[in-house]
Amino acid sequence: MYDLSICVPTIREQHWTRLYDSIVNSIGDYTFELVLCGPYDELSDYLKEKDNVTLIKDYGSPTRAQQIAVSRSTGKYITWGADDGWYLPQMLEKALSILENMNDKKAILVSHYMEGGELALRNYTMNYHEPLRSAFYPNDFLIINVGIARLEYYKETGGL
């Protein structure tokens, strides 16, 4: 069992090495597994050498791919992201330390997410994103782009 499972829907294999290396530089002494899910058959030679990387072949949507990755995860905590993203140095270590000290199974740590080189609150609102827009959501209804939660609780609630 790992400390953290990182579940990533995959369509851009050219970024996976950068993503993996950013996790290594972000996680400190915690252990992790990277669970990739998408339409690819093989990992790069670099990632094949890692015993904490899993690739699951699936042709579904990113949401489906993420949920499939979650079902194969073994970590105490779970996080998710995009395959063209990366984690800042020591940030996963800090986040896991905060959660460990909280000792609350329902706690979720939400982090900022830069998109297009900017960090703007509108990126976190439901009605900013075309596929999510609805007259039934208030304009200040927020989404969780990136977060860390206990895997057991995530599965118990059925995801986000």
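Structure's up top.
Since this is a predicted model, take the numbers as computed values, not measurements.

Q: Help me out: how do you make sense of the packing of aromatic side chains in this one?
A: The full count for this structure, using the stated rule, is four aromatic pairs. The interplanar angle of 85° and the centroid separation of 6.3 Å between the aromatic rings of Tyr20 and Tyr46 together place this pair among those described as edge-to-face. Taken together, the residues span a long stretch of sequence, with Tyr20 in helix H1 (residues 16–27) and Tyr46 in helix H2 (residues 45–48) at a distance of 26 residues. Put simply, the rings of Tyr20, Phe32 and Tyr46 pair up and form one aromatic cluster. Above the ring of Tyr46, the side-chain terminus of Lys50 is found at 4.3 Å from the ring centroid.

Q: Just to check I follow, could you spell out the packing of H1 against helix H4 (residues 91–102) for this structure?
A: How two helices pack is summed up by the angle between their axes together with the distance between the axes. H4 packs onto H1 with a crossing angle of 50° between their chain directions and a minimal axis gap of 5 Å. When the axes of H1 and H4 are compared, the pair comes out oblique. Along the contact surface, H1 presents Ile23, Ser26 and Ile27, while H4 presents Met91, Leu92, Glu93 and Leu96. Taken together, the residues of the contact of H1 with H4 break down into five nonpolar, one polar and one charged.

Q: How do you make sense of the pattern of salt bridges when you look at a structure like this?
A: For side chains bearing opposite charge, pairing can occur when the charged atoms are close. Overall, the coordinates contain eight salt bridges when judged by the stated rule. Its salt-bridge partner being Lys48, residue Asp45 comes within 3.9 Å of it at the nearest N-O pair. Residue Asp45 and its partner Lys48 are both found in helix H2; the two are separated by three residues, about one turn of the helix. You can call Asp45 exposed: its relative accessible area is 59%. Three or more residues joined by partner-sharing salt bridges are found here, namely Arg12, Asp83 and Asp84.

Q: I'm lost on the pairing of strand E4 (residues 77–80) in this one. Help?
A: When a strand is regular, its side chains alternate between the sheet's two faces. Side-chain alternation along E4 places Tyr77 and Thr79 on one buried face and Ile78 and Trp80 on a second face that is also buried. Sheet analysis places strand E1 (residues 4–9) next to E4, joined by four bridges and oriented parallel. Within E4, the residue paired with Ser5 across the bridge is Ile78. Taken together, the three bridges between E4 and strand E6 (residues 147–150) define a ladder with antiparallel strand orientation. Within the sheet, the bridge partner assigned to Tyr77 lies in E6 and is Arg150.

Q: In this structure, what is going on with the environment of Gly81? I would like to understand it.
A: Among the structural elements, Gly81 can be located in the loop between E4 and H4. C-alpha separation for the pair Gly81 and Val146, spaced 65 residues apart in sequence, amounts to 6.2 Å. Apart from residues no more than four positions distant in its own chain, Gly81 is found in contact with Cys7, Val8, Pro9 and Tyr87.

Rules of the game
- Sequence order sets the numbering: in each chain, residues are counted from 1 along the sequence as written.
- Residue-level local features of this predicted model are given only where pLDDT is at least 70; pairs of side-chain atoms are given and counted only at 80 or more, and the full residue set underlies all totals for whole chains, interfaces and linings.
- The side-chain values count all of the structure's non-hydrogen atoms but skip hydrogen atoms and water molecules.
- Put simply, two rings from Phe, Tyr or Trp (the six-membered ring, in Trp's case) pair if the centres are within 6.5 Å, and we call them stacked under 30 degrees between planes, edge-to-face over 60, tilted for the rest.
- Helical segments are the DSSP runs of H or I of at least four residues, strand segments are the runs of E of at least two, and each set is numbered from the N terminus.
- Working rule: Lys NZ or Arg CZ, within 6 Å of ring centre, within 35 degrees of ring normal, means a charge sits over the ring.
- For every element, the axis is a line fit to its C-alpha atoms; helices are fit only across the contacting stretch, and the angle between N-to-C directions ranges from 0 to 180 degrees.
- Orientation is classified from the angle alone, with under 35 degrees giving roughly parallel, over 145 giving roughly antiparallel, 65 to 115 giving roughly perpendicular, and any other angle giving oblique.
- Note on contacts: a residue pair is in contact if any heavy atoms of the two residues lie within 4.5 Å.
- Polar here means any residue other than Ala, Val, Leu, Ile, Met, Phe, Trp, Tyr, Cys and Pro, which are nonpolar, and Asp, Glu, Lys and Arg, which are charged; Gly is therefore polar.
- A side-chain nitrogen of Lys or Arg and a carboxyl oxygen of Asp or Glu constitute a salt bridge if their distance falls within 4 Å.
- The buried label goes to any residue with under 20% of its type's maximum accessible area, the exposed label to any with over 50%, and the partly exposed label to all in between, with areas taken from a 1.4 Å probe on protein chains only.
- By definition, two strands form a pair when at least two bridges between them are found by DSSP.

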